[in-house]
Amino acid sequence: MTHDDGTAVEYVRFQSPHRNSRGHFTGVFGLVNTLARQGRLTGEQESFRRAGNRWYDDAYADPSTVDPTVYDDAVNPGAMAWFKPTAAHLIDRVPGYLAILAAHGVDCRMIRSADPGRIVYEDDVQIVVVPHP
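Bear in mind that the values here come from a model prediction, so they are computed numbers and not experimental data.

Each value, and the rule that gives it
- Residues numbered from 1 in each chain as written.
- Predicted model: local features only at pLDDT ≥ 70, side-chain atom pairs only at ≥ 80, totals over all residues.
- Heavy atoms only, no water.
- Helix = DSSP H or I, 4+ residues; strand = E, 2+ residues; numbered from the N terminus.
- Contact = heavy atoms within 4.5 Å.
- Core = buried A, V, L, I, M, F, W, Y, C linked by side-chain atoms within 4.5 Å.
- Buried < 20%, exposed > 50% of the residue type's maximum accessible area, 1.4 Å probe, protein only.
- Salt bridge = Lys/Arg side-chain N within 4 Å of Asp/Glu carboxyl O.
- Arc of directions from axis to C-beta.
- Axes fitted to C-alpha atoms, helices over the stretch in contact; angles between N-to-C directions.
- Parallel < 35°, antiparallel > 145°, perpendicular 65-115°, else oblique.
- Left-handed = near helix turned anticlockwise from the far one by under 90°.
- Nonpolar A, V, L, I, M, F, W, Y, C, P; charged D, E, K, R; others polar.

**A word on the side chain of N53**
Reasoning step 1: Inspection of the secondary structure puts N53 in helix α2 (residues 43-59).
Reasoning step 2: Among all residues touching N53, those that are not within four sequence positions of it are N33 and Y97.

If you want it as structure tokens, here you go:
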């Protein structure tokens, strides 16, 4: 995808630099939600996570509610969501999640790509792709 001036659009993703047990790179929200499920968050961190997740749920669509197969590994193996660069209002809230991960020693990196994979879902703020082999 390109901008009107011909420059490449760079999508943005925050993810673990390490593959999980399924061979995928867990995203920032999955990493924080895992800490919560493990009971590792402080009360303040849990309050932030709940409020932040609610805000994100209200701010943009969950692709799996639009297309239930979008994250189905048999249909779209390794599918992962990326922010569009125009979604600054969503990206601007990620540092709070990154701070929680840092406090627990969990690595998370921001990556950018003009071509992260085959797009299987798209809306005004995000794409979901099956990564290139």
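**Here we look at the nonpolar core**
Reasoning step 1: Residues F14, V28, F29 and F83 are the most contacted members of the largest nonpolar core, which totals 20 residues.
Reasoning step 2: Mapped onto this core, the elements with two or more residues apiece are β1 (11-19), α1 (28-37), α4 (88-91) and α5 (94-103).
Reasoning step 3: Filtering out sequence-adjacent residues up to four positions away, F83 remains in contact with Y11, V12, F14, F29, L90, I91, V94, V125 and Q126.
Reasoning step 4: In this structure, V9, Y11, W82 and I127 belong to the second largest nonpolar core, which totals six residues.

**Regarding the pattern of salt bridges**
Reasoning step 1: Summed over the entire model, instances satisfying the criterion amount to four salt bridges.
Reasoning step 2: Across the salt bridge formed by E46 and R49, the nearest N and O atoms sit 2.7 Å from each other. With E46 and R49 both in helix α2 and three residues apart, this pair spans about one turn of that helix.
Reasoning step 3: The exposure class assigned to E46 is buried, which follows from its relative accessible area of 17%.
Reasoning step 4: Taking the shortest distance from any N to any O, the salt bridge between R50 and E46 comes out at 2.7 Å. Of this pair, R50 and E46 both sit in helix α2, separated by four residues, roughly a single helical turn.
Reasoning step 5: Here the residues in one salt-bridge network are E46, R49 and R50, joined through shared partners.

**Structural notes on α5**
Reasoning step 1: Of the residues making up α5, those classed as buried are V94, Y97, I100 and L101. All buried residues of α5 lie within an arc of 120 degrees about the axis, which places them on one face of the element. Of the exposed residues in α5, the ones pointing more than 90 degrees away from its buried face are A102 and A103.
Reasoning step 2: Taken together, the buried residues of α5 touch β1, α1, α2, β3 (80-83) and α4.
Reasoning step 3: Looking one or two residues beyond α5, the residue adopting positive phi is G105, at roughly 70 degrees.

**A few points about the packing of α1 against α2**
Any two packed helices are characterised by how steeply their axes cross, that is the angle between the axes, and by the distance between the axes.
Reasoning step 1: Across the interface, α1 lies against α2 with an axial gap of 11 Å and an inter-helix angle of 140 degrees. Judged on the interaxial angle alone, α2 and α1 are oblique. With respect to the hand of their crossing, α1 and α2 are arranged in left-handed fashion. Contacts from F29, V32, N33 and A36 of α1 reach α2 at E46, R49, N53 and Y56.
Reasoning step 2: When its residues are assigned to classes, the contact of α1 with α2 shows four nonpolar, two polar and two charged.

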